[in-house]
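Coordinate inspection notes
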Amino acid sequence: MRCVIVTGMSGAGKSTALKMLEDMGYFCVDNLPVPLIPKMAELLSVPGTEINKAALGVDIRSGQNFSELEKILKDLDQSGTRFEILYLESSDDVLIKRYKETRRFHPLSGKGGRVEEGIREERKRLKFLRERADYLIDSSHMLTRELRAELSKIFVENKLLFAMCREADLNLCPLSR
């Protein structure tokens, strides 16, 4: 079972990445509430399940429960649950431009707030995830096809390495914790 937590900055391309991972054969859930992550991991680890690759979109939209994520990830580590973290980010300038182009509000700035303030606060709250990430992709200047190629390199072409590391359970493996 390969489980990927897709997270990162709002506007950096998480939803797009999840759609691409779905095209690559992953079972995907976007905006999964943080308290459901352990239950989802448990369901995915049941022997004989049809799902052998899953991507879970988790981000700041989870609201108050988002603060629980760091503890939940530590608990998953301690229980031996294997997962990877894909963190997507973009520069502040690019994120601001994307928000202006779509005329959407940043989840932390609200309707009357400034996008810049929301971005700054989000970076602070996501710092622990960025530091824990197995894969960090800066989508600031990426075309959609470039993001797809990068995800394919990591999650399709790297599949053999993941399988070998899982079987060998090597501490040196870049995918093991």
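Being a predicted model, the structure only gives us computed values, none of them experimental. (Residues numbered from 1 in each chain as written. Predicted model: local features only at pLDDT ≥ 70, side-chain atom pairs only at ≥ 80, totals over all residues. Heavy atoms only, no water.)

**What about the overall build of the protein?**
Filter applied, for reference: The way it works is that DSSP assigns letters per residue, a run of H or I at least four long becomes a helix, a run of E at least two long becomes a strand, and they are numbered from the N terminus. Burial classes follow relative accessibility: with a 1.4 Å probe on protein chains only, a residue under 20% of its type's maximum area counts as buried, one over 50% as exposed, and anything between as partly exposed. Should any heavy atoms of two residues lie within 4.5 Å, those residues are considered in contact. Note that accessible areas follow from Shrake-Rupley with a 1.4 Å probe, and for residues the cover is restricted to the protein chains shown.
A tally of helices and strands in the protein yields 7 helices and 5 strands. Buried residues in the protein amount to 44% of all 177 residues. Residue pairs at least 24 apart in sequence account for 78% of intrachain contacts in the protein once pairs closer than 6 positions are excluded. Of the roughly 10,100 Å² of accessible surface on the protein, 51% is carried by carbon and sulfur atoms.

**Let's talk about the sheet that holds strand β2 (residues 27-29)**
Backbone-to-backbone hydrogen bonds pair the strands of a sheet. The strands run either parallel or antiparallel. Heads up, the condition is: Should DSSP find at least two bridges between two strands, the strands are regarded as paired. Only the stretch in contact is used when fitting a helix axis, every axis being a line fitted to C-alpha atoms; angles between N-to-C directions are given from 0 to 180 degrees.
Across the sheet, which stays open at both edges, the 5 strands sit in the order β2-β3-β1-β4-β5 with parallel pairing between neighbours. Of all the strands in the sheet, just β2 and β5 (135-138) have a single pairing partner and so form its edges. Each adjacent strand pair in this sheet contributes to an overall mean axis angle of 20°, direction not counted. Of the strands in this sheet, β1 (2-8), β4 (84-89) and β5 touch helix α6 (residues 144-157), which is tilted by about 170° from β5.

**Considering the pattern of salt bridges**
To keep things clear, this is the line we draw: Salt-bridge detection follows one rule: a side-chain nitrogen of Lys or Arg within 4 Å of a carboxyl oxygen of Asp or Glu.
Inspection of the entire model under this criterion finds 14 salt bridges. Taking the shortest distance from any N to any O, the salt bridge between K39 and E42 comes out at 3.8 Å. One end of the pair, K39, and the other, E42, are both in helix α2 (residues 37-44), 3 residues apart, so they sit about a helical turn from each other. You can call K39 partly exposed: its relative accessible area is 45%. Judged by its relative accessible area of 46%, E42 is partly exposed. Here E116 makes a salt bridge to R114, at a shortest N to O gap of 3.6 Å. Three or more residues are tied together by salt bridges with common partners; here these are E89, D92, R123 and R130.

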